[in-house]
Amino acid sequence: MRFHLLILLLIALTAFSCARREAYRAIHLGHEYEENGYPARALQSYEDALSASPHDAFVLHTVGNAYLRRADFDRATELYLLALELEPAYLEAFEGLILVARAQDENEAALGWLERAAEVIPDYGPLSEQLVDVYVAQDRLDDALVLLERLVASRDDEAWVHFRLGHLRIQLRDYDGAIASFERTTQLDPDNPKGWASLGTAYHEGDNQDEAIDAYLKALEIDPHDDSSLNNLAWVYATQGQNLEEAIRLSRQSLRIRPKTPQYLDTLADLYYQRGDRDRALELIRYAIGLRPESLDLKAHLERQLTRFERGPLGRV
């Protein structure tokens, strides 16, 4: 009896393997038809693949992609859901459902699938990063904070989690929390200049200027061409009214890398104003305003700088 069961099992496995090979050949043929401009034949090949192996998650999601390319969203959704029934943590099926929702401007549905995917596949970092991006873009900062703090608890050894949490805390004006997050980032990834640069920004926003200078210097030690750190260090010097000549050198270097950046022009203008060259400061700040930055806050700041420079007497930041 046991021998007969073994024979039956081998027969079933062989049949399953043959069906899968047939389905994969049909998918390959479908791709070839698509590439050569035969959409009807391609679709028939994809359906043949489904007929050959209807319980294969890969086949289901691949054919679902074919229907998605044809904007047949109902059929694509049906196939993606069938793939998830077979493999509940099938990443590509979730990605397909997200694309279907976005193609139909159903942003809440896309977010729902993204949230479910991040819950079902918690170890896949890009899903969580994408979900954080969506929450931040929708100004759902509390949701982003909850997600990142949960990730920190379970993935304390991953620098990107602390890095993203640090930037979120800056948005929330929790500068002490941001400093702690970026300090952990630099512990985990000490050779990444972005971590040090962000730590410098957190220190600066928290009014710890000496520490900010040290962090920016560390970022520039790792990457001397980091234009953002060049400008930010020059700005810290400007706000403190110190090392003006060195600050001007740093600011000019940042502008050589990114010549038409309003923030960088503002820094150099302020430094010239402090050094007593009001005409040069006015020229630079007017040029920065003429670039029409998109940020309303930056526009308002540049206009205030222009008014300040036009007053005439040398002033401090």
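Going by the structure above, here's the rest.
Residues numbered from 1 in each chain as written. Predicted model: local features only at pLDDT ≥ 70, side-chain atom pairs only at ≥ 80, totals over all residues. Heavy atoms only, no water.

*Asks:* If you had to explain unusual backbone geometry to someone new, which residues and values would you point to?
*Replies:* The backbone of A71 sits at a positive phi, close to 60°, despite the residue not being glycine. Counting through the fold element by element, A71 comes out in the loop between α3 (57-69) and α4 (73-86). Of note, R292 is a non-glycine position whose phi angle comes to about 55°, a positive value. Structurally, the position occupied by R292 is in the loop between α16 (278-290) and α17 (296-311). Exposure remark for R292: the relative accessible area of 71% places this residue in the exposed category. (Helix = DSSP H or I, 4+ residues; strand = E, 2+ residues; numbered from the N terminus. Buried < 20%, exposed > 50% of the residue type's maximum accessible area, 1.4 Å probe, protein only.)

*Asks:* Please set out helix α14 (residues 244-257) residue by residue, giving values where relevant.
*Replies:* For α14, with 14 residues, the first-to-last C-alpha span of 20 Å sits near the 20 Å given by 1.5 Å per residue. Along α14, the residues classified as buried are L244, A247, I248, L250, S251, Q253, S254 and L255. Packing partners of the buried residues in α14 comprise α13 (227-240) and α15 (262-275). (Expected span 1.5 Å × (residues − 1). Contact = heavy atoms within 4.5 Å.)

*Asks:* Give a description of the nonpolar core that names residues and reports values.
*Replies:* Judged by nonpolar contacts, the single largest core of 51 residues is most densely connected at V59, V63, L127, L131 and L148. For L127, the residues in contact, after removing those within four places along its chain, are L91, L114, A117, A118 and I121. L199, L250, A288 and L302 belong to the second-largest nonpolar core, a separate cluster that totals 44 residues. (Core = buried A, V, L, I, M, F, W, Y, C linked by side-chain atoms within 4.5 Å.)

*Asks:* Just give me the short version of the side chain of D227, but keep the residues and values in it.
*Replies:* Positionally, D227 belongs in helix α13. Using a relative accessible area of 15% as the deciding quantity, one classes D227 as buried.

*Asks:* Can you tell me about the packing of α13 against α15, naming the residues and giving the values?
*Replies:* Across the interface, α13 lies against α15 with an axial gap of 10 Å and an inter-helix angle of 30°. Taken as axis vectors, α13 and α15 run roughly parallel relative to one another. Crossing of α13 against α15: the hand is left-handed. Counting all contacts with α13, which are made through D227, S228, N231, A234, W235 and A238, the residues of α15 involved are Q263, Y264, D266, T267, D270, L271 and Q274. Taken together, the residues of the contact of α13 with α15 sort by class into 5 nonpolar, 5 polar and 3 charged. (Axes fitted to C-alpha atoms, helices over the stretch in contact; angles between N-to-C directions. Parallel < 35°, antiparallel > 145°, perpendicular 65-115°, else oblique. Left-handed = near helix turned anticlockwise from the far one by under 90°. Nonpolar A, V, L, I, M, F, W, Y, C, P; charged D, E, K, R; others polar.)

*Asks:* Would you mind going over the packing of aromatic side chains in detail, with residue names and values included?
*Replies:* What characterises a pair of aromatic rings is the spacing of the ring centres plus the angle enclosed by the ring planes. Tallied over the full model, the rule gives 5 aromatic pairs. With 5.3 Å between their ring centres and 75° between their planes, Y24 and F58 make a pair best called edge-to-face. Taken together, the positions of Y24 in helix α1 (residues 2-35) and F58 in helix α3 put the pair 34 residues apart, joining distant regions of the chain. In this structure, K218 is placed above the aromatic ring of W196, and the distance from its NZ or CZ to the ring centre is 5.8 Å. (Phe/Tyr/Trp six-rings, centres within 6.5 Å; stacked < 30°, edge-to-face > 60°. Lys NZ or Arg CZ within 6 Å of the ring centre and 35° of its normal.)

*Asks:* Tell me what's going on with the side chain of R155, and back it up with residues and numbers.
*Replies:* Along the chain, R155 turns up in the loop between α8 (141-154) and α9 (159-171). The class for R155 is buried, based on a relative accessible area of 7%. Reaching out from R155, the side chain makes a polar contact with the backbone oxygen of P122 at a distance of 2.7 Å. Setting aside residues up to four positions removed in sequence, R155 forms contacts with P122, D123, Y124, G125, S128, W160 and V161. (Polar contact = N/O pair within 3.5 Å; in protein donor to acceptor, adjacent residues only side chain to side chain.)

*Asks:* Please provide a residue-by-residue account of the environment of L151, values included.
*Replies:* Mapping L151 onto the fold places it in helix α8. For L151, a relative accessible area of 7% puts it in the buried group. Note: C-alpha distance between L151 and S128 (23 residues apart in sequence) is 8.5 Å. Discounting chain neighbours no more than four positions away, the residues touching L151 are S128, D156, W160 and V161.

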